[in-house]
Amino acid sequence: MREALEQLRSVAGRCAGAPVWSLHDADLVDAVHAIHDAEQMLAAAKLHLVREIDGRNLPIAQEASSTSVWLRGRLHISIHTAGRMVDLARALDQRPSLDAALSTAAVNVEQAQIVAKTVHDLTDEASADVVDLAEKTLIEQHADQEPAVLRRLADRILAYVAPDLADDADRRAAERDEKRAQQTRAFALTNNGDGRFRLAGWLDAETAAIVNAALDPLCKPDHERTPAQRRADALVEVCQLALRTEQLPDNGGDRPQVVVTVPYDVVRKELRDGQLDSGERLTAEQVRRLACDAQILPVVLGGDGQILDVGQLRRLFTGPLRRALVARDGGCAFPGCDRPPRWCDAHHIKAWGAGGDTALDNGVLLCGYHHRLIHRGEWEVRMGADGKPEFIPPYYVDPERRPRRNIYHRRP
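Residues numbered from 1 in each chain as written. Predicted model: local features only at pLDDT ≥ 70, side-chain atom pairs only at ≥ 80, totals over all residues. Heavy atoms only, no water.

1. Focus: the environment of Phe187
Position of Phe187 relative to the elements: it lies in strand S1 (residues 186-191). Put simply, Phe187 and Ala200 are 13 residues apart on the chain and 5.8 Å apart in space, counted from C-alpha to C-alpha. (Helix = DSSP H or I, 4+ residues; strand = E, 2+ residues; numbered from the N terminus.)

2. Some words on the side chain of His370
Summarising the element assignment, His370 is placed in helix H16 (residues 368-375). For His370, the residues in contact, after removing those within four places along its chain, are Cys332, Phe334 and Cys337. (Contact = heavy atoms within 4.5 Å.)

3. Topic: the packing of helix H2 (residues 25-55) against helix H5 (residues 79-94)
Taken N-terminus to C-terminus, the directions of H2 and H5 make an angle of 90°; their axes are 8 Å apart at the nearest point. When the axis of H2 is compared with that of H5, the two are roughly perpendicular. Between H2 and H5, the contacting residues are Lys46, Leu47, Val50, Arg51 and Asp54 on the first element and Met85, Val86, Leu88, Ala89, Arg90, Leu92 and Asp93 on the second. A per-class count over the contact of H2 with H5 returns seven nonpolar, no polar and five charged. (Axes fitted to C-alpha atoms, helices over the stretch in contact; angles between N-to-C directions. Parallel < 35°, antiparallel > 145°, perpendicular 65-115°, else oblique. Nonpolar A, V, L, I, M, F, W, Y, C, P; charged D, E, K, R; others polar.)

4. What about the packing of aromatic side chains?
Taken as a whole, this structure holds two aromatic pairs when the rule is applied. Arg225 extends its terminal NZ or CZ atom over the ring of Tyr369, reaching a point 4.4 Å from the ring centre. The positively charged end of Arg401 is found above the aromatic ring belonging to Tyr395, 5.0 Å away from the centroid. (Phe/Tyr/Trp six-rings, centres within 6.5 Å; stacked < 30°, edge-to-face > 60°. Lys NZ or Arg CZ within 6 Å of the ring centre and 35° of its normal.)

5. Some points on the nonpolar core
A general tendency of soluble globular proteins is for nonpolar side chains to be buried together. Membership of the largest hydrophobic core comes to 37 residues, with the highest contact counts inside it found for Leu47, Leu71, Leu98, Val107, Leu158 and Val161. Examining the composition of this core, we find that seven residues originate from one element, H5, more than from any other. Leaving out residues up to four positions away in the same chain, Val161 has contacts with Val130, Leu133, Ala134 and Thr137. Counting 18 residues, the second largest nonpolar core, distinct from the first, contains Ala346, Leu366, Ile374 and Val381. (Core = buried A, V, L, I, M, F, W, Y, C linked by side-chain atoms within 4.5 Å. Buried < 20%, exposed > 50% of the residue type's maximum accessible area, 1.4 Å probe, protein only.)

6. Topic: a nonpolar patch on the surface
On the surface, Met1, Leu5, Leu8, Leu42 and Leu49 cluster together into a nonpolar patch covering about 460 Å² of accessible area. The set of elements that each furnish at least two residues to the nonpolar patch consists of helix H1 (2-17) and H2. Structurally, the position occupied by Leu49 is in helix H2. A relative accessible area of 43% places Leu49 in the partly exposed class. (Patch = residues over 30% accessible without salt bridge, like charges linked within 9 Å, V, L, I, M, F, W, Y side chains within 5 Å. Areas by Shrake-Rupley, 256 points an atom, 1.4 Å probe, with all protein chains shown as cover. Salt bridge = Lys/Arg side-chain N within 4 Å of Asp/Glu carboxyl O.)

7. Section: the pairing of strand S15 (residues 389-392)
Because side chains alternate across S15, one face comprises the buried residues Pro389 and Phe391, and the other comprises Glu390 and Ile392, equally buried. Here strand S14 (residues 380-383) pairs with S15 via four bridges, running antiparallel. Following the sheet pairing, Arg382 is matched in S15 by Glu390. Hairpin connection between S14 and S15: a loop of five residues separates the two successive antiparallel strands, and Gly387 in this loop has a positive phi of roughly 80°. (Pairing = 2+ DSSP bridges.)

8. Topic: unusual backbone geometry
The backbone of Asn57 sits at a positive phi, close to 60°, despite the residue not being glycine. For Asn57, the position within the fold is in the loop between H2 and helix H3 (58-61). Residue classification places Asn57 among the partly exposed positions, given a relative accessible area of 46%. The backbone of His76 sits at a positive phi, close to 60°, despite the residue not being glycine. Structurally, the position occupied by His76 is in the loop between helix H4 (67-75) and H5. Residue His76 is classed as exposed on the basis of its relative accessible area, which comes to 69%.

9. Describing the pairing of strand S2 (residues 197-202)
Regular strands show a simple pattern: their side chains alternate between the two faces of the sheet. Pairing between S1 and S2: six bridges, direction antiparallel. Bridge pairing links Thr190 to Arg198 in S2. Hairpin remark: S1 followed by S2, antiparallel, with five residues in the connecting loop; positive phi at Gly193, about 85°.

10. Details of the packing of H5 against helix H7 (residues 109-122)
Where H5 meets H7, the axes come as close as 10 Å, and the angle between the chain directions of the two elements is 65°. Relative to H7, the element H5 lies roughly perpendicular. H7 is crossed by H5, and the crossing has left-handed handedness. Note on element contacts: H7 touches H5 through Val109, Ala112, Gln113 and Ala116, opposite Arg84, Leu88 and Ala91. Counted by class, the contact of H5 with H7 contains five nonpolar, one polar and one charged residues. (Left-handed = near helix turned anticlockwise from the far one by under 90°.)

11. Some details on the side chain of Arg328
With respect to the element layout, Arg328 can be found in helix H15 (residues 319-329). A polar contact is formed between the side chain of Arg328 and the backbone oxygen of Leu360, at a distance of 2.9 Å. (Polar contact = N/O pair within 3.5 Å; in protein donor to acceptor, adjacent residues only side chain to side chain.)

12. Describing the environment of Ile139
Inspection of the secondary structure assignment puts Ile139 in helix H8 (residues 128-142). Judged by its relative accessible area of 12%, Ile139 falls in the buried class. Each C-alpha atom of the pair Ile139 and Leu98 lies 7.6 Å from the other, and the pair is 41 residues apart in sequence. Apart from residues no more than four positions distant in its own chain, Ile139 is found in contact with Ser97, Leu98, Ala101, Val107 and Val115.

Below is the structure:
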């Protein structure tokens, strides 16, 4: 086998280094198929080796805590990829037909994983003959389906091979799925270290439907944001709405709040870069945006950071003043936006930190997305002669920079 592996490396190297620009269209397609098939066969060979390594407990002998951990260190792959590799290697060892299908590229690795999981789940639901028939049906009749379609077919395979068992099996599977979803539900917000935070988690079908119902109305398509960006913005808007309700439970004796420490430039009379209480930095623009519709608690610090004086809490654009903004603007005042008032921040046209008044003629309602847009500085907002806000587009939108207004909320 050692000689074959050396030949394999040599052939693979020649393929990787070969120029492809001169190939005809048909040859390009044939080459992709040939290499893809070879990848599946090599994957089967690698899984055979992994299974043998696992069976001999070589990773444990080499002081690794598991085969997955050993593979992660040796192959420099993620622990999740290593775990799936070990699981599939063990499944192929138990299912010769599936092993043969992958070894001949009749199925690919993703398809083999779906078939292996289906067979495993059916073991407690049906006899060995029915399980074998289900495996054979998926491999021989549905191997031409992409993984997403194959997964749906696999979920209903008993309806094809053993209809009398399907209903009870589906009910038990649904109960198992619900229990597993409840036990494994999770949400994580992880600092990526580069100014971004990664969201990850799991929900069951019921709670996912609730989340989707809340986010979907805020994910209206537009030409400036990708679908993923619209969903991210919608999640933030839902949380902002929850904070505005003042009905969230106290946290450590205080209402939920975002705490930002911000230096104030006395000479320029402006807010500078700030820092969250968790340590992350915010730009001056982000600070100004947060301060637009926030509760501000001024704190005077000495040179060594000692608190010398704590001012009184001042709430901005609340009560009758916010109701007046709602009555005037009807929702987000940005041209073409249909966000209702409850999704909007009150924005100071002249920044409060720069001496702007908290007054009707210096305020405008903006949804989260357009609030960020205005703070970037390309669009301008001003009060028109009739006391209503109007927006000046940047030159690349309109070279003449003609004022625009929102007519969506206009009252008859």
